[in-house]
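Listed below are the residues making up each chain.
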Amino acid sequence: TSSDSVVTLLDYGAGNVRSVRNAIRHLGFGIKDVQTPEDILNANRLIFPGVGAFAAAMDVLNKTGMAEALCAYIEKDRPFLGICLGLQLLFQSSEENGPGVVGRFDSSNGFRVPQIGWNALQITKDSEILDDVGDHHVYFVHSYRAMPSDDNKEWVSSTCNYGDNFIASVRRGNVHAVQFHPEKSGDVGLSVLRRFLHPKTNIPKVIACLDVRANDKGDLVVTKGDQYDVRNLGKPVELARQYYKEGADEISFLNITGFRDFPLGDLPMLQVLRLTSENVFVPLTVGGGIRDFTDANGRHYSSLEVASEYFRSGADKISIGSDAVYAAEDYLKTGVKTGKSSLEQISRVYGNQAVVVSIDPRRVYITHPNDVEFKAVRVTDLGPNGEEYAWYQCTVGILCFIVTFLFVHTATQSDKAVNGGREGRPIGAYELAKAVEDLGAGEILLNCIDCDGQGKGFDMDLIKLISDAVSIPVIASSGAGAVEHFSDVFRKTNASAALAAGIFHRKEVPIQSVKEHLYKEGIEVRI
Ligand code: 1PR
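Since the model is a prediction, treat every value here as computed from it, not as a measurement.

Analysis parameters
- As a convention, each chain's residues are numbered from 1 in the sequence order in which they are written.
- It should be noted that, the model being predicted, local features are given only for residues of pLDDT at least 70 and side-chain atom pairs only at 80 or more, the latter also being counted only at that level, while totals for whole chains, interfaces and linings use all residues.
- Calculated side-chain values reflect all of the structure's heavy atoms, with hydrogen atoms and water omitted.
- Think of it this way: any DSSP run of H or I at least four residues long counts as a helix, any run of E at least two long counts as a strand, and we number them from the N terminus.
- Accessible area is worked out with a 1.4 Å probe on protein chains only. A residue is then buried under 20% of its type maximum, exposed over 50%, and partly exposed in between.
- Contact criterion: two residues are considered in contact whenever any of their non-hydrogen atoms come within 4.5 Å of each other.
- Note that accessible areas follow from Shrake-Rupley with a 1.4 Å probe, and for residues the cover is restricted to the protein chains shown.
- Under the convention used here, Asp and Glu are negative, Lys and Arg are positive, and both His and the chain ends fall outside the count.
- We put the charge of a Lys on NZ, of an Arg on CZ, of an Asp on CG and of a Glu on CD.
- Cysteine sulfur atoms are paired as a disulfide whenever they fall within 2.5 Å.
- Any residue with a non-hydrogen atom lying within 4 Å of a molecule or strand is treated as near it.
- Pairs of N or O atoms are called polar contacts if they sit within 3.5 Å, as long as, within protein, a hydrogen donor faces a hydrogen acceptor (for residues adjacent in sequence, only side-chain-to-side-chain pairs).
- Any residue outside Ala, Val, Leu, Ile, Met, Phe, Trp, Tyr, Cys, Pro, Asp, Glu, Lys and Arg is labelled polar, Gly included; the first ten of those are nonpolar and the last four are charged.
- Strands are treated as partners if at least two bridges between them are detected by DSSP.
- Angles run from 0 to 180 degrees between N-to-C directions of axes, and those axes are lines fitted to C-alpha atoms, restricted for helices to the stretch in contact.
- Delimitation of the domains relies on an automatic or database domain assignment.
- Here the nonpolar core consists of buried residues drawn from Ala, Val, Leu, Ile, Met, Phe, Trp, Tyr and Cys, with membership extended through side-chain atoms lying within 4.5 Å.
- Each angle gets one of four labels, with under 35 degrees taken as roughly parallel, over 145 as roughly antiparallel, 65 to 115 as roughly perpendicular, and the rest as oblique.
- Crossings are sorted by hand: turned counterclockwise from the far helix by less than a right angle, the near helix makes the crossing left-handed, and turned clockwise it makes it right-handed.
- Our arc is simply the arc of the directions from the helix axis toward the C-beta atoms.
- Planes of paired rings set the category: under 30 degrees apart is stacked, over 60 is edge-to-face and the rest tilted, where pairs are Phe, Tyr or Trp rings (Trp by its six-membered ring) whose centres lie within 6.5 Å.
- In our convention, an over-ring charge means Lys NZ or Arg CZ found within 6 Å of a ring centre and within 35 degrees of that ring's normal.

1. A few points about the overall build of the chain
- When helices and strands are counted, the chain shows 17 helices and 28 strands.
- Across its three principal axes, the chain shows a C-alpha extent of roughly 90 × 50 × 40 Å.
- Evaluated residue by residue, the chain yields a buried proportion of 55% over its 527 residues.
- Long-range contacts, defined here as pairs at least 24 residues apart, represent 71% of the contacts in the chain between residues at least 6 apart.
- Carbon and sulfur atoms make up 49% of the accessible area of the chain, which totals about 23,200 Å².
- Across the chain, the centroid of the 54 positively charged side chains sits 2 Å from that of the 67 negatively charged ones.

This is how it looks when you write it as structure tokens:
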């Protein structure tokens, strides 16, 4: 577990914090318990679930030197979340003259004390961690409360009414505290913890991918093959609309016949983009055959012209596969950015964010990481001969017209030698990813030929390797077969998005189910 996914917990032993522990683990984080004041000072993220009686808690914290460490930690504006007594103690220790700020509820006005139950908040300022709370109720259990005053009004992010208006949460910089119990407040409560644990990260995206090819009549049809062999599934525009309605965050079209001929001759693809963009209001990516091209009459078209036509037709991003492999190979060989590759040209004119590089690697098992000059990883599942390592060899499309023709017309089953018409290149996915980031790619679409269409889950070793290697967003692709595969990939890797094709096309797992599952697992999604 990396230190980013560990949260430090201050449990001074005065009561039950099991639910807080469980909630943290549920959100995919490990827990480091504070043993010494130094553990507080060294924390990346500290949660202080105050339990027990106020004076007793203060006593323990003072005696153990924890109080002093806490003050120092908070003063440095380090990420902190106090819960319940954890909020009240914050007040007590931050205000010179504590008495008067935190006091007991007055039961004479008909409200039973303690307050044990659900109540709504009045959010008074942007607190980030409360962003999902809105009108939802959260759970309180307390007899004491901190009262808003002129001195603390800059801190107060929400109040709550129980006989009188008391402070439900405070926030200053990275320091947060809540009077209610997020670990007992259902999904909304979990979202408070999640927002504290994953501050300001991008919301993971779920992308539907349509691999399309032209059929005999010249219509584009959606295909989905197993390890890059193809078969028909439906019409692209209709499917894209359906996925948009079901909640897809983006739609990708990969034109796998684009490179058999000049893409601008590929009017159906432009038409698909025009029609789709009429009522699909999420980003559209198009890939396949984006490269410089000289037609039969000797006229040269630059990849930039090809991309421009796609953008004009409604694409937000273009995706480059094979051509980016050649560009990366040249760049790594010479160390020179020529500025002439399609990747460089398009990102210079349209911006990095408009250029995705699609990587199509296959796993090559090896016995020892030094057996190859490319970055290798220790694999989770051993190779066929017990190999413990693998590198990921990039591939490019070859002779696609002929291969596609063969597959479509003879319905040949998967032929490993051809494998969807792809040729292995002397470059690894790791080397490629870093090179294309340098050359101006804005995003990486990371496929894996071994996992494609298998429904057994994403290649976590590969996705971890690449998403840790670059700082641009990485889209995990190939192999999704169940909703759990999506939560897994977001939990265990730094992927920014997960893409699937087959399970959506075959209606095995609808996009809504993926989103609902992620939400239930405490992973933020666009609903
Ligand atoms: O090399 O720039 O012309 O781009 C070609 C593009 O087309 C590349 O992005 C490449 O991934 C894709 N491609 C090439 N041949 C095929 C084929 O199927 N014969 N499709 C092909 C690749 C892989 C993913 C797939 C995911 C998820 N398809 O797009 O959608 O693996 O599938 P799953 O969820 O069903 O497992 P260039």
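2. Topic: the state of the cysteines
- Applying the stated rule across the entire model yields zero disulfides.
- In this model C84 remains outside any disulfide bridge; the closest cysteine sulfur is found in C160, 13 Å from its own.

3. Things to note about the environment of D211
- Looking at the secondary structure, you find D211 in strand β13 (residues 205-214).
- The class for D211 is buried, based on a relative accessible area of 13%.
- Here the alpha-carbon distance between D211 and T159, two residues 52 residues apart in the chain, equals 51 Å.
- Ignoring any residue separated from it by four or fewer positions in sequence, one finds D211 in contact with V221, V222, T223, K224, L254 and I256.

4. Some details on the site of the ligand
- Not every one of the 25 residues close to the ligand is listed here, only the nearest: S322, S358, D360, D452 and S478.
- G321 places a polar main-chain atom, nitrogen or oxygen, 2.8 Å from an oxygen atom of the ligand.
- Within the side chain of D360, an N or O atom sits 2.5 Å from an oxygen atom of the ligand.
- Protein chains shield 97% of the accessible area of the ligand, which is 760 Å² for the free molecule.
- When residues of the shell around the ligand are traced back to their parent elements, those giving at least two are β13 and β28 (497-500).
- Broken down by class, the residue content of the shell around the ligand amounts to nine nonpolar, 11 polar and five charged.

5. Topic: the sheet that holds strand β11 (residues 164-172)
- Strands sit in the order β2-β1-β3-β4-β12-β11-β10-β7 across an open sheet of eight strands; the sheet is mixed. Only two strands of the sheet have a single neighbouring strand rather than two, namely β2 (30-33) and β7 (122-123).
- In terms of strand pairing, strand β10 (residues 156-162) meets β11 through six bridges, oriented antiparallel. Looking at the pairing, N161 lines up with N165 of β11.
- Of the strands in this sheet, β1 (6-9), β3 (46-50), β4 (80-84) and β12 (175-178) are in contact with helix α6 (residues 186-197), which crosses β3 at around 145 degrees.

6. Topic: the domain arrangement of the chain
- Partitioning the chain into domains gives domain 1 (3-197) and domain 2 (205-358 + 430-520).
- A straight line from the C-alpha centre of domain 1 to that of domain 2 covers 44 Å.

7. Here we look at the nonpolar core
- I251, F253, Y310, I318, I444, F486 and F504 are the most contacted members of the largest nonpolar core, which has 86 residues in total.
- Top contributing element to this core by residue count: helix α13 (residues 429-439), with six residues.
- If we ignore the near neighbours within four places in the chain, the residues touching F504 are V206, I207, A208, Y243, F486, V509, P510, I511 and V514.
- Of all hydrophobic cores here, the second largest spans 63 residues; its members include V17, I24, V170 and V192.

8. Notes on the packing of α13 against helix α14 (residues 460-469)
- Closest axis-to-axis distance for the α13/α14 pair is 9 Å, and the angle between their directions is 30 degrees. For the element pair α13 / α14, the angle class is roughly parallel. Handedness of the crossing formed by α13 with α14: right-handed. The residues of α14 that touch α13, namely those facing A429, Y430, A433, K434 and E437, are L462, L465, I466 and A469.
- Classifying every residue of the contact of α13 with α14 gives seven nonpolar, no polar and two charged.

9. Considering the packing of helix α10 (residues 322-334) against α13
- At a minimum axis distance of 9 Å, the contact between α10 and α13 shows a crossing angle of 85 degrees. The angle between α10 and α13 falls in the class roughly perpendicular. Each of A324, V325, A327, A328, Y331 and L332 in α10 lies in contact with α13, whose residues at this interface are E431, L432, A435, V436, D438 and L439.
- In the contact of α10 with α13, the residues fall into 10 nonpolar, no polar and two charged.

10. Remarks on helix α15 (residues 483-492)
- If you check which residues of α15 are buried, you get V483, H485, F486, S487, V489 and F490.
- Buried residues along α15 sit in contact with β13, α14, β27 (474-477), β28, α16 (502-505) and α17 (511-520).

11. Re helix α4 (residues 66-75)
- Of all the residues in α4, the buried ones are M66, A67, A69, L70, Y73 and I74. The arc that holds the buried residues of α4, viewed along the axis, is 160 degrees, so those residues lie on one side. For α4, the exposed residues lying more than 90 degrees away from the buried face are E68 and E75.

12. Quick look at unusual backbone geometry
- For the bond from V113 to P114, the omega torsion is 5 degrees, close enough to zero to count as cis.
- Along the chain, the position of P114 falls in the loop between β5 (102-104) and β6 (115-120).
- If you check the backbone angles, S478 has positive phi at about 85 degrees while not being a glycine.
- Residue position: S478 is located in the loop between β27 and α15.
- Although it is not a glycine, K507 adopts a positive phi angle of roughly 55 degrees.
- Under the relative-accessibility criterion, K507 is labelled exposed at 58%.

13. Focus on the packing of aromatic side chains
- Enumeration over the complete set of coordinates arrives at 15 aromatic pairs.
- Of note, R45 hangs over the ring of F196, and the distance from its end group to the ring centre comes to 5.4 Å.
- Over the ring of Y430 we find K375, and its NZ or CZ is 5.2 Å from the ring centre.

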